[in-house]
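So you can see what is in the structure, the chains are spelled out below.
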Amino acid sequence: MTADRPARAQPMEPPYLLSAVISRRGVGVAVTGDAGNTMVEIAAHGRWSPLLCQHLTATLRLCLAGPSAAIIVDLHDLGDPYGASLPFWVASAQQARSGSAPVHLAFCLPGAAALSRRLRGVQGSQPSVFTMVPEARRAIAARISRADRIQARLEPRPASVKAARDLVTEACRAWHLPELRHDTWLVVSELAANAVQHARTDFIITLSRSGTRLHVAVHDCVSRFPRPGEPSPTSPQASLDERGRGLRLVHTIASAWGAIPTRDGKVVWATVT
């Protein structure tokens, strides 16, 4: 694989578990998401090379598999004095735009950098380029519609699992997606129960839609990722219909699911179609 464009895509299977990939020499990629996994930030570290290109390709593919509406790529620590990575970033932005659920890619790097000048000079559909990450966050947040998102903060107690399911009912009714209610109800039960019994912190549940797909994101303040083989945390007092089967059930029902670190924990997300 050359270091000037993304590698040819190979089939991926969930779960899509995103984490930092940094070598001992400081070369690699760090990634963080927000509470609803709506906006993801990727930071590239080290000199531009085939190895770094490989790490970035894998990270971008995992991000694009999720429900994110925008990806901010921080290139302040990228060693590319002549802008040689330009074809890779142009191709990545085009790939993000052309998916079934288009994702907006924004780049952050010093205005005097050669790569910044080359990105700003791209013909046709120009990539979004910012000098600082906070500037990019504000600009993208203003573009993301809040009409297709429902969010609530819940406490780590059993009653919150039912509150999360009630949120699903509300979302499916508001967005006219009754056929997704049952499957999403099961998925939310598992993810919320995991947050209650394993994370034991307040958690934020976000429901969003894109077309006929419903996305669930549960953010808690524990960084450890879940594993499909873990036993179900659902209360033994729950009825048979309400009891979960752990993340294996999420794996079976969801068309895609995964986890991504945040600055204060993690987000576990799933997509139901």
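Residues numbered from 1 in each chain as written. Predicted model: local features only at pLDDT ≥ 70, side-chain atom pairs only at ≥ 80, totals over all residues. Heavy atoms only, no water.

Draft legend 1. Representation of the environment of V161 in the model. If you trace the backbone, V161 turns up in helix α5 (residues 159–174). For V161, a relative accessible area of 12% translates into the label buried. Excluding residues that lie within four positions of it along the chain, V161 makes contacts with S189, A192, A193 and V196. (Helix = DSSP H or I, 4+ residues; strand = E, 2+ residues; numbered from the N terminus. Buried < 20%, exposed > 50% of the residue type's maximum accessible area, 1.4 Å probe, protein only. Contact = heavy atoms within 4.5 Å.)

Draft legend 2. Spatial organisation of the sheet that holds strand β10 (residues 203–210). If you walk across this open sheet you meet the six strands as β1-β12-β13-β11-β10-β9, and the pairing is mixed. In the strand order of this sheet, the two ends are held by β1 (16–17) and β9 (149–154), each with one partner. Alignment of strand β11 (residues 213–220) against strand β13 (residues 265–272), held across seven bridges, turns out to be antiparallel. Looking at β13, one finds that D220 is bridged to K266. Of the strands in this sheet, β10, β11 and β13 are in contact with helix α6 (residues 181–199), which crosses β11 at around 5°. (Pairing = 2+ DSSP bridges. Axes fitted to C-alpha atoms, helices over the stretch in contact; angles between N-to-C directions.)

Draft legend 3. Main features of the environment of T273. Inspection of the secondary structure assignment puts T273 in the segment after β13. Separated by 96 residues in the primary sequence, T273 and L177 place their C-alpha atoms 9.9 Å from one another. Once residues lying within four places of it in the same chain are set aside, the contact partners of T273 are L180, T212, R213 and S255.

Draft legend 4. Geometry of unusual backbone geometry. Backbone geometry places H176, a non-glycine residue, at a positive phi of 55°. In this model, R200 sits at a positive phi of 60°, which is unusual for a non-glycine residue. Mapped onto the elements of the fold, R200 is located in the loop between α6 and β10. Since its relative accessible area comes to 64%, R200 is described here as exposed.

Fair warning: the whole summary comes from geometry, so function is off the table for now.
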